[in-house]
Amino acid sequence: QVQLVESGGGLVQAGGSLSLSCVVSGRFFSINTMGWYRQAPGKQREMVATIASATTTNYADSVKGRFTISRDNAKNTVNLQMNSLKPEDTAVYYCNAGVSLGLGVRRDYWGQGTQVTVSS
C-alpha cells in the first residue's frame, strides 16, 4: 500500500508565505510525476503545480512567479513553497503522486488534503 502524508497547511495573511510538504511511503518501484492540486469551496479541483522525475515543472497561470515546486527523490518528498499569497489561494491542497508498482503497472495516489487559508 502507498500512502501520502502532507504537512504545512495553516492560516496566513495576504502577502505572506507558507510551505507545504508531502512524503510518499509504502511499497513501490519508483515515483514518477508528483504534484499539488487544490479545491476551493464551490469549485472543482485544479492543478497548481507538477514536477516530473527529471524535474520538469508545470504551473497554473494563477501561481506562476509566486509558487515553487520541488522534490527530493532520496526522501520521496515533494514540496510547495508559496509566496505572496492571496485570498484566492484559499483552498484545500492535495498532494498527488504517480507511482510505478512494477510489472508495467502505474497508478495515482492522493493525500488527505490540507487546508490553506489566506486572510485579507
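Thresholds applied
- Residues numbered from 1 in each chain as written.
- Predicted model: local features only at pLDDT ≥ 70, side-chain atom pairs only at ≥ 80, totals over all residues.
- Heavy atoms only, no water.
- Phe/Tyr/Trp six-rings, centres within 6.5 Å; stacked < 30°, edge-to-face > 60°.
- Helix = DSSP H or I, 4+ residues; strand = E, 2+ residues; numbered from the N terminus.
- Lys NZ or Arg CZ within 6 Å of the ring centre and 35° of its normal.
- Core = buried A, V, L, I, M, F, W, Y, C linked by side-chain atoms within 4.5 Å.
- Buried < 20%, exposed > 50% of the residue type's maximum accessible area, 1.4 Å probe, protein only.
- Contact = heavy atoms within 4.5 Å.
- Patch = residues over 30% accessible without salt bridge, like charges linked within 9 Å, V, L, I, M, F, W, Y side chains within 5 Å.
- Areas by Shrake-Rupley, 256 points an atom, 1.4 Å probe, with all protein chains shown as cover.
- Salt bridge = Lys/Arg side-chain N within 4 Å of Asp/Glu carboxyl O.
- Pairing = 2+ DSSP bridges.
- Axes fitted to C-alpha atoms, helices over the stretch in contact; angles between N-to-C directions.
- Polar contact = N/O pair within 3.5 Å; in protein donor to acceptor, adjacent residues only side chain to side chain.

Q: It is not clear to me how the packing of aromatic side chains should be interpreted in this structure. Could you clarify?
A: Tallied over the entire structure, the rule returns 1 aromatic pair. Here the aromatic rings of Tyr37 and Trp110 are separated by 5.0 Å at their centres, their planes lie at 65°, and the arrangement is edge-to-face. Taken together, the residues Tyr37 in strand S4 (residues 30-39) and Trp110 in strand S10 (residues 105-110) connect sequence positions 73 residues apart. Cation over ring: Arg45 sits above Trp110, and NZ or CZ is 4.8 Å from the ring centre. Here the basic side chain of Arg107 rests over the ring of Tyr109, its NZ or CZ set 4.6 Å away from the ring centre.

Q: Help me understand the nonpolar core in this model?
A: In globular proteins that are soluble, nonpolar side chains generally tend to be buried together. One finds Trp36, Leu80, Met82 and Tyr93 to be the most contacted residues of the largest nonpolar core, which totals 31 residues. Elements that contribute at least two residues to this core include exactly strand S1 (2-7), strand S3 (18-26), S4, strand S5 (46-51), strand S7 (67-72), strand S8 (77-82), strand S9 (91-102) and strand S11 (114-119). A total of 5 residues in this core trace back to one element, the largest contributor, which is S9. When sequence neighbours within four positions are dropped, the list of residues in contact with Tyr93 reads Glu6, Leu20, Trp36, Tyr37, Arg38, Val48, Phe67, Leu80, Met82, Gly113, Thr114 and Val116.

Q: What exactly am I supposed to notice about a nonpolar patch on the surface here?
A: A surface patch of nonpolar side chains, about 320 Å² in accessible area, is lined by Leu101, Leu103 and Val105. In this structure, Val105 sits in strand S10. Judged by relative accessible area, which is 41%, Val105 ranks as partly exposed.

Q: Is there a simple way to explain the sheet that holds S8 in this structure?
A: Sheets are built from strands that pair by backbone hydrogen bonding, the pairs being arranged parallel or antiparallel. In spatial order, the strands read S1-S3-S8-S7; together these 4 strands make up an open sheet with antiparallel pairing. If you trace the sheet from one side to the other, it starts and ends with S1 and S7, each paired once. Looking at each pair of strands side by side, their axes are set apart by 15° on average, direction ignored. Pairing geometry for S3 and S8, over 6 bridges, is antiparallel. Paired with Val23 across the strands is Thr77, a residue of S8.

Q: Quick question: what am I supposed to make of the side chain of Arg66 here?
A: Following the sequence through the fold, Arg66 ends up in the loop between strand S6 (57-59) and S7. Using a relative accessible area of 9% as the deciding quantity, one classes Arg66 as buried. From its side chain, Arg66 meets the backbone oxygen of Ser84 in a polar contact 3.0 Å long. Residues within four places of Arg66 in sequence aside, it is in contact with Gln81, Met82, Asn83, Ser84, Leu85, Lys86 and Asp89.

Q: Help me understand the environment of Thr77, please; the structure alone is not making it clear to me.
A: Note that Thr77 resides in strand S8. Along the sequence, Thr77 and Val5 sit 72 residues apart, while their C-alpha atoms lie 9.6 Å from each other. Discounting chain neighbours no more than four positions away, the residues touching Thr77 are Ser21, Cys22, Val23, Met34, Ser70, Arg71 and Asp72.

Honestly, it's all geometry; don't read function into it.
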